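Now for the letters of each chain:
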Amino acid sequence: MSFAQAMLLAVLQGVSELFPISSLGHTVLVPALLRWDIDEGSESFLAFVVVLHFGTAVALIVFYRDTWLALGRSFARSIARGRFSDDPQERVAWLLVAGTIPVAILGVLLQSAVKALFASPIPVSLFLAANGALMLFGERLRRREHAVAGRPYRTLASLTPRDGALVGLAQSLALLPGISRSGSAIVAGLLRGLHHDDAARYSFLLATPVIFAAAVLEIPTLFAPDARAALLQSAGGCVVAGVTAYASVAFLTRWFRSNDLGPFAWYCLGAGILSFILFVTKVIA
Amino acid sequence: MKQLALALAAVFLVVAVLYWTGHFYPPGVHAKHGIVSVVLALLCLVWFRFQSAEGAR
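Residues numbered from 1 in each chain as written. Chains lettered and ligands numbered in written order. Predicted model: local features only at pLDDT ≥ 70, side-chain atom pairs only at ≥ 80, totals over all residues. Heavy atoms only, no water.

A. Structural view of the confidence of the model for chain B. Averaged over every residue, the pLDDT of chain B is 85; the share at 70 or more is 95%. Listed scores for the predicted complex are pTM 0.88 and ipTM 0.72. (pLDDT = per-residue confidence, 0-100.)

B. Seen up close, helix α4 (residues 65-81) of chain A. The end-to-end C-alpha separation of α4 of chain A is 24 Å, in line with the 24 Å expected for 17 residues at 1.5 Å each. Residue Gly82 of chain A follows α4 of chain A closely and has a positive phi angle near 80°. (Helix = DSSP H or I, 4+ residues; strand = E, 2+ residues; numbered from the N terminus. Expected span 1.5 Å × (residues − 1).)

C. Spotlight on the interface of chain A and chain B. The interface is formed by 16 residues belonging to chain A together with eleven residues belonging to chain B. Of the roughly 1,200 Å² buried between chain A and chain B on both sides combined, carbon and sulfur atoms contribute 75%. If you sort the residues of chain A by the area they bury against chain B, Gly82, Val108 and Leu217 of chain A come out on top, with a joint share of 38%. Linking chain A with chain B are zero salt bridges. (Contact = heavy atoms within 4.5 Å. Buried area = accessible area lost by both parts, 1.4 Å probe. Salt bridge = Lys/Arg side-chain N within 4 Å of Asp/Glu carboxyl O.)

D. Spatial organisation of the packing of α4 of chain A against helix α5 (residues 88-118) of chain A. Residues and elements named next belong to chain A. At a minimum axis distance of 8 Å, the contact between α4 and α5 shows a crossing angle of 90°. Here α4 is positioned roughly perpendicular relative to α5, judged by the angle of their axes. Contacts between α4 and α5 involve Trp68, Ala70, Leu71, Ser74, Phe75, Ser78, Ile79 and Arg81 from the former and Gln89, Glu90, Val92, Ala93, Trp94, Leu96 and Val97 from the latter. Looking at side-chain class alone, the contact of α4 with α5 contains ten nonpolar, three polar and two charged residues. (Axes fitted to C-alpha atoms, helices over the stretch in contact; angles between N-to-C directions. Parallel < 35°, antiparallel > 145°, perpendicular 65-115°, else oblique. Nonpolar A, V, L, I, M, F, W, Y, C, P; charged D, E, K, R; others polar.)

E. Structural view of the environment of Val167 of chain A. All names here are of chain A. Residue position: Val167 is located in helix α7 (residues 161-171). Take Val167: its relative accessible area is 0%, and that puts it in the buried class. For Val167 and Ala185, which are 18 residues apart along the polypeptide, the C-alpha to C-alpha distance reads 5.4 Å. When sequence neighbours within four positions are dropped, the list of residues in contact with Val167 reads Ala185, Ala188, Gly189, Arg192, Tyr202 and Leu206. (Buried < 20%, exposed > 50% of the residue type's maximum accessible area, 1.4 Å probe, protein only.)

F. Quick peek at the layout of surface pockets. What the second largest pocket holds in volume is close to 570 Å³. Forming the walls of the second largest pocket are 24 residues, and the residues nearest its centre are Phe84, Trp94, Val97 and Pro161 of chain A together with Trp47 of chain B. Mapped onto the lining of the second largest pocket, the elements with two or more residues apiece are α5 of chain A together with α2 (31-56) of chain B. If one sorts the elements of the lining of the second largest pocket by residue count, α2 of chain B sits on top with eight residues. Class assignment of the residues belonging to the lining of the second largest pocket gives a composition of 15 nonpolar, four polar and five charged. (1 Å grid on protein atoms, 1.4 Å probe; cavity = no way out; pocket = protein on both sides within 12 Å on 5 of 7 lines; lining within 4 Å. Points joined across faces, edges and corners; volume = space filled by probe spheres on them.)

G. The arrangement of the packing of aromatic side chains in detail. All names here are of chain A. One pass over the full model with this rule turns up twelve aromatic pairs over all chains. On the numbers, 5.6 Å between centres and 80° between planes, the contact of Phe19 with Phe264 is edge-to-face. Note that Phe19 is positioned in the loop between α1 (3-16) and α2 (23-33) and Phe264 in helix α12 (residues 262-280), a separation of 245 residues in sequence. No difference in accessibility class separates Phe19 from Phe264, as the two residues are buried. (Phe/Tyr/Trp six-rings, centres within 6.5 Å; stacked < 30°, edge-to-face > 60°.)

H. Just the nonpolar core, in detail. Residue and element names in this part refer to chain A. Within the largest apolar cluster, 48 residues are counted, with the highest numbers of intra-cluster contacts made by Phe204, Leu261 and Phe264. Here this core takes eight residues from helix α9 (residues 196-217), the largest share from any one element. Dropping the residues within four chain positions of it, Phe264 is found in contact with Phe19, Pro20, Ile21, Met135, Leu252, Trp255 and Phe256. Ala6, Trp36, Phe48 and Leu52 belong to the second-largest nonpolar core, a separate cluster that totals eleven residues. (Core = buried A, V, L, I, M, F, W, Y, C linked by side-chain atoms within 4.5 Å.)

I. Helix α6 (residues 121-148) of chain A, seen in detail. All names here are of chain A. Under the 1.5 Å per step criterion, the end-to-end length of α6 is 39 Å for 28 residues, consistent within 8% with the ideal 40 Å. Here α6 has its buried residues at Val124, Ser125, Phe127, Leu128, Ala129, Asn131, Gly132, Met135, Gly138, Glu139, Arg142 and His146. Tucked inside the fold, the buried residues of α6 contact α2, α5, α8 (181-191), α9 and α12.

J. Spatial organisation of the side chain of Asn131 of chain A. Tracing the backbone shows Asn131 of chain A in helix α6. Those residues in contact with Asn131 of chain A that sit more than four places away from it in its chain are Pro20, Ile21, Gly178, Ile179, Ser180 and Cys268 of chain A.

K. Summary view of the pattern of salt bridges. Residue and element names in this part refer to chain A. Counted under the stated rule, the structure contains seven salt bridges over all chains. Between Glu139 and Arg142 there is a salt bridge, with its nearest N and O atoms 2.9 Å apart. With Glu139 and Arg142 both in helix α6, this residue pair falls three residues apart, about one helical turn. Arg142 carries the same exposure label as Glu139, and that label is buried. In this structure, Arg154 and Asp163 form a salt bridge, with 3.0 Å as the shortest nitrogen-oxygen distance. Take Arg154: its relative accessible area is 28%, and that puts it in the partly exposed class. Each of Arg154, Asp163 and Arg192 takes part in salt bridges that share partners, so that together they form one network.

Put into structure tokens, the structure is as follows:
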């Protein structure tokens, strides 16, 4: 992998991890479409992916630093007190715990098996198209509930732990390469009655511990002999992924104040179907 | 419920140790499975704390 390829992958990771378009799907599809000769199973590539995730997680923590501090304080107070209160920050902190449990368990148990089964271009193309269809379906249901039936939106703090766990469960769909973590979590949030901006905020907060833990748990791969050779690429990739992830989350939090998932859904549907045709007809081997 | 919370915490801790020492299914050392088991044990202890505080009130 050249330095330019590494930086392009870092930008791709920073953007696609938070935009609802599946980072894992793009990491499989883009090198295949551009006919890059990259061994995605090599130690150096795995180490590179780890640092990209680390950069993304740090960007999310920095962007939401005030929120995380407030949530941490409320969470600690709640445990010290030994009971729940009406503090909205405390409720959100517990929602994050409820949402993280299913994704942590399913991720640890299934990630390797699912990746081994589906991380090749043709299944990824289909899952990417399915990701688009899922978001369009979610938007349609949301419009029926709120725009047509006139039901008011719920606030994030009004969700129950069951709602939080359901959104976490939906996020687990992102184990399938091509299904977006943020997309599935935002759709689940919309279906539980949230507005786009609250659904997106919950999705990004929920993603932070998962991405961070996934990166930290893979740190040993950085010390593999093969990985040390690509240290410069990894360091550059970490910074580039972090900066693009920060810009992405800043853009998306503004976007979801008054826009919906529509453009991302149509992009995934189109890119998924087009990639599927290109790979099945062997236009791209 | 307090007893159940404590029992579950103990079970998850044992499972974590078994994962780290390679004596649980699937065979082999599974560091990540062990970490998730410890996190679940900690959550059970938090649950125990909430139950205890409720009893004290």
